[in-house]
Amino acid sequence: MGTPEQHRSLLSTDDLTDADLRAVVNRGADHAAGRPGGTRALAGDIVGVYFRMTSTRTRTAFSSGALRLGAQIVAYGPDDLQINTGESSEDTGRVFARMLDVIVARTGLPQQELAAWADPERLCVVNAMTAEEHPTQALTDLTTLKSRFGGIDGLRVVYVGEGNNTAAALALTLTRFPGVRFELRTPSGYGLTKDIRERAEEHARRSGASMVERHDMDALPHDTDVWYTTRWQTTGTSKPDANWRDVFAPFQVTRQLWEHSPKAVFMHDLPAHRGDEVTAEVLDGPTSIALDQAENKMHSAMAVLEWCRGAELTA
Ligand code: CP
């Protein structure tokens, strides 16, 4: 670790410089390939893992990743903390900062409240998903792309489905790589928020990437490298429109998409609902790398934790 001790927080992927982003992705891919070996970069650290909402991958990834890096863990479930009996979010964060080095949290709190816990002198905060963004998912996905394609520059990715927190994090990261073409096909009324779209467009202007969002499935590209989708019922959300399934139905990922781009791989952040956003034939078929993505959550989590605690990573 650096001296004095580093406590960097990851609330949004925009907390990473371009060099940091490439370094964390490269490090995750190195972990996935088994290259760093038995690094104990977090030996002596205490990592809190606080999930007030359901999670299989992210919680397991950060717990397993922290243990592999030599840290000890304190785990909190949804009913464990006094925040449930009215203790303020601010006081909860202050107490964490006195006893932990890192808190990995999926709380349902607005991102700003989570950000208020960050303390550069005492506590790293990792956003394990908020309504606004799912930054560690995008880092996992870029790690998977790096491992699969050797790099991210110039890739052509089509995201099909809701413009949710995973789509937001993908938009904010893919647009920072030169030559990337990121296309979203989102149901009308379920697209990216204005804030995310404007930030991603700014990244694209600066880097030389491109991003386009449409609300139909017409004129799909014929040279896609990746078809990507997520569950229609994003964790922790519900849809006000009773007929939302009718709006989403044309956006199901089926084998027909491969008639457009036969060499494309399929990605899904999981959990999946076969028969909703994707057919079982695609999710369980030969082009799917969804389980590699799931495993890469752990490799990428290790890279995130190392970055948070000031490890020197190479872009
Ligand atoms: N993709 C993802 O975040 O999975 P979990 O909700 O299981 O953590």
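In this report, the structure presented in the accompanying data block is examined. Just so you know, these numbers come straight off a predicted model, no measurement behind them.

Conventions used here
Residues numbered from 1 in each chain as written. Predicted model: local features only at pLDDT ≥ 70, side-chain atom pairs only at ≥ 80, totals over all residues. Heavy atoms only, no water. Helix = DSSP H or I, 4+ residues; strand = E, 2+ residues; numbered from the N terminus. Rg over C-alpha atoms; globule rule 2.2 N^0.38 Å. Buried < 20%, exposed > 50% of the residue type's maximum accessible area, 1.4 Å probe, protein only. Contact = heavy atoms within 4.5 Å. Areas by Shrake-Rupley, 256 points an atom, 1.4 Å probe, with all protein chains shown as cover. Pairing = 2+ DSSP bridges. Right-handed = clockwise from strand over helix to strand, strands pointing away. Near = heavy atom within 4 Å. Polar contact = N/O pair within 3.5 Å; in protein donor to acceptor, adjacent residues only side chain to side chain. Nonpolar A, V, L, I, M, F, W, Y, C, P; charged D, E, K, R; others polar. Axes fitted to C-alpha atoms, helices over the stretch in contact; angles between N-to-C directions. Core = buried A, V, L, I, M, F, W, Y, C linked by side-chain atoms within 4.5 Å. Domains from an automatic or database assignment. Salt bridge = Lys/Arg side-chain N within 4 Å of Asp/Glu carboxyl O. Parallel < 35°, antiparallel > 145°, perpendicular 65-115°, else oblique. Left-handed = near helix turned anticlockwise from the far one by under 90°.

This part is about the overall build of the protein. The helix and strand inventory of the protein stands at 11 helices and nine strands. By the compact-globule yardstick of 20 Å for 315 residues, the protein fits well, its C-alpha radius of gyration being 19 Å. Projected onto its principal axes, the C-alpha positions of the protein cover 55 × 45 × 35 Å. Burial analysis of the protein (315 residues in total) assigns 56% to the buried set. Long-range contacts, defined as pairs at least 24 residues apart, comprise 78% of the intrachain contacts of the protein with a sequence gap of at least 6. Carbon and sulfur atoms make up 47% of the accessible area of the protein, which totals about 13300 Å².

Time to look at the pairing of strand S2 (residues 72-76). Pairing of strand S1 (residues 46-51) with S2, which is carried by five bridges, proceeds in the parallel orientation. What sits directly across from Val47, in S2, is Ile73. After leaving S1, the chain enters helix H2 (residues 57-68) and then returns to the sheet as S2, a path that is right-handed.

Close contacts around the ligand come from Ser55, Thr56, Arg57, Thr58, Arg106, His134, Gln137, Asp269, Leu270 and Lys297, and that covers them all. Contacts to the ligand include Thr58, whose side-chain N or O atom sits 2.7 Å from an oxygen atom. A distance of 2.8 Å is found between an oxygen atom of the ligand and a side-chain nitrogen or oxygen belonging to His134. Here the ligand has 260 Å² of accessible area as a free molecule, and 96% of this is covered by the chains. Tallied by class, the residues present in the shell around the ligand amount to one nonpolar, five polar and four charged.

Strand order in the open sheet formed by four strands is S2-S1-S3-S4, with parallel pairing between adjacent strands. Both edges of this open sheet fall to S2 and strand S4 (124-127), since each of them pairs with a single strand only. Taking the axes of each pair of neighbouring strands and ignoring which way they run, one obtains an average angle of 20 degrees across the sheet. Note that S1 and strand S3 (residues 102-106) share five bridges and pair parallel. Following the sheet pairing, Tyr50 is matched in S3 by Ala105.

Attention now goes to the nonpolar core. Membership of the largest hydrophobic core comes to 58 residues, with the highest contact counts inside it found for Val104, Leu174 and Phe182. With eight residues, the single largest contributor to this core is helix H11 (residues 290-308). Taken domain by domain, this core gets at least three of its residues from each of domain 1 (4-133 + 297-308) and domain 2 (135-294). Sequence-distant contacts of Phe182, defined by excluding residues within four places in its chain, comprise Val157, Tyr159, Ala167, Leu170, Ala171, Leu174, Ser210, Met211 and Val212.

One pass over the full model with this rule turns up 25 salt bridges. Close ionic contact of Arg156 with Asp223 constitutes a salt bridge, the shortest N to O distance being 3.8 Å. Taken as a pair, Arg156 in strand S5 (residues 156-160) and Asp223 in the loop between strand S7 (210-214) and strand S8 (226-229) lie far apart in primary sequence, 67 residues in all. The salt bridge partner of Asp223 is Arg181, with a shortest N-O separation of 2.9 Å. With Asp223 in the loop between S7 and S8 and Arg181 in strand S6 (residues 181-185), this pair connects stretches of sequence that are 42 residues apart. In this structure, a network of salt bridges that share partners links the residues Asp14, Asp18, Glu133, Arg176, Asp195, Arg199 and Arg206.

Turning our attention to the packing of helix H5 (residues 135-149) against H11. Relative orientation of the contacting elements H5 and H11 amounts to 110 degrees, with a least axis distance of 8 Å. As summarised for this structure, H5 and H11 are arranged roughly perpendicular, according to the angle between their axes. In the crossing of H5 with H11, the sense of the turn from one axis to the other is right-handed. Contact with H5, carried on its side by Thr136, Gln137, Leu139, Thr140, Asp141, Thr143 and Thr144, involves Asp292, Gln293, Asn296, Lys297, Ser300 and Val304 of H11 and no other residues of that element. Considered class by class, the residues forming the contact of H5 with H11 number two nonpolar, eight polar and three charged.

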